[in-house]
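In case you want the letters, here they are:
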Amino acid sequence: MNIVEEQRIPDGDFPTVKSPNPKEPEALKMAIALANKTDGDLVIGTDPDSDRLGVAVRNLNHELVILNGNQTMVLMTDFLLRQWKDSGENNDNEFIASTIVSTPMMPVLAKAYGVECKIGLTGFKWIAKMIKDFPNQHFIGGGEESFGYMVGDFVRDKDANTATLLACEIAAQAKAKGSSMYKELIALYVAHGLYKERLISITKKGIEGAQEIKQMMIDARNTPLSVVNGSKVIRIDDYQLATSYNTITGETKTIDIPKSNVLIYETEDGTRIALRPSGTEPKIKFYISVNTSLNTAEDFQKTEQQLETKIDAILKDMELK
């Protein structure tokens with residue numbers, strides 16, 4: 001009679017993390033604490049099904065800070081575009097992808113590299129559909145503000161596995177040349193403009209809350225904003241009606257994207273405000289995006305603070321704060 005001795009692996013002492021979602025700062029808190037003990041340069045966290053990715057890097061004060069989804073997306077996309085351009089294989093038929101509520105910096109990057117930027121609704125199924133609908137074009141990479149990224153077309157969904165490898169490669173190459181991911185991000189802002197985004201979620205629970213959210217969208221359509229923080233609204237994109245209205249010329253164009261309950265205002269100074277009820281939570285979300293030029297890397301902290309102050313003023317003007 002053979003006797004097999006049971007082998008047990010000692011239990012690890014892992015404190016419970018309230019939120020395993022890398023969109024929440026709490027999810028990376030313990031990893032950042034460990035990285036500070038070892039002076040680590042990079043912290044990466046994923047959610048349990050490894051589709052979303054959170055990245056923390058050292059800022060100019062050597063503090064670990066979590067990049068938002070837009071920043072991670074811009075860094076990754078620029079890296080892939082540079083690699084593709086340097087390979088000499090580009091044939092002017094490439095594209096990157098983003099969503100209607102993500103940073104407007106993505107189309108700016110695309111233009112700088114001479115590629116197309118396709119914009120779709122939130123959700124990676126729409127980026128996957130772009131790849132399917134345009135088989136003669138080469139998809140380089142793309143993502144959305146909600147901490148997801150897709151590298152190439154072999155995994156047609158947000159995938160933290162390939163995105164993690166990409167983040168590590170970006171960090172390694174940056175460090176090899178005496179830079180860092182944070183400094184590389186600032187360099188992109190100098191080259192293309194400093195874009196700053198902030199997401200405001202307002203929770204309205206229950207049947208009454210759902211009705212209130214519905215009414216907020218109705219009011220935004222029936223009595224649209226004309227001025228935001230002193231800047232005139234020049235365009236209103238209504239994805240439910242599939243219309244883009246130019247308030248200066250009075251011209252209305254058709255939006256060639258599937259209909260969705262999203263409303264976007266754009267002002268003269270480049271501010272963009274998107275309103276979207278959540279599809280999974282009792283929330284209405286406001287995506288605020290502002291931008292300005294950045295002359296030098298040394299001006300970054302001062303200019304970034306100016307944009308933060310501007311967003312605060314916009315939220316106050318819209319009575320969201």
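Residues numbered from 1 in each chain as written. Predicted model: local features only at pLDDT ≥ 70, side-chain atom pairs only at ≥ 80, totals over all residues. Heavy atoms only, no water.

(A) Region of the structure containing the packing of aromatic side chains. In this structure the tally under the stated criterion is three aromatic pairs. Judged by centre distance (5.3 Å) and plane angle (50°), the ring pair of Phe95 and Phe139 falls under tilted. Of this pair, Phe95 sits in strand 4 (residues 94–99) while Phe139 sits in strand 6 (residues 138–144), and the two are 44 residues apart along the sequence. Residue class for Phe139 comes out buried when judged on its relative accessible area of 2%. Here Tyr182 and Phe300 contribute two aromatic rings whose centre-to-centre distance is 5.9 Å and whose plane-to-plane angle is 85°, an arrangement assigned as edge-to-face. A residue pair is termed long-range when its members are at least 10 positions apart, and Tyr182 in helix 6 (residues 181–192) and Phe300 in helix 8 (residues 300–317) qualify at 118 residues. The pair formed by Tyr182 and Phe300 is uniform in burial state, with each residue classed as buried. Sitting over the face of the ring of Phe134, Lys118 holds its NZ or CZ atom 3.6 Å from the ring centroid. (Phe/Tyr/Trp six-rings, centres within 6.5 Å; stacked < 30°, edge-to-face > 60°. Helix = DSSP H or I, 4+ residues; strand = E, 2+ residues; numbered from the N terminus. Buried < 20%, exposed > 50% of the residue type's maximum accessible area, 1.4 Å probe, protein only. Lys NZ or Arg CZ within 6 Å of the ring centre and 35° of its normal.)

(B) Here's a closer look at the sheet that holds strand 2 (residues 53–58). With respect to topology, three strands assemble into an open sheet ordered 1-2-3, the strand pairing being antiparallel. Strands with a single pairing partner mark the edges of an open sheet, and in this sheet they are strand 1 (42–46) and strand 3 (64–66). The sheet shows a mean angle of 20° between the axes of neighbouring strands, taken without regard to direction. Examined bridge by bridge, strand 1 and strand 2 share five bridges and lie antiparallel to one another. In the sheet register, Thr46 faces strand 2, and the bridge partner there is Leu53. Taken strand by strand, helix 1 (residues 29–38) contacts strand 1, strand 2 and strand 3, and its axis lies near 155° from that of strand 3. (Pairing = 2+ DSSP bridges. Axes fitted to C-alpha atoms, helices over the stretch in contact; angles between N-to-C directions. Contact = heavy atoms within 4.5 Å.)

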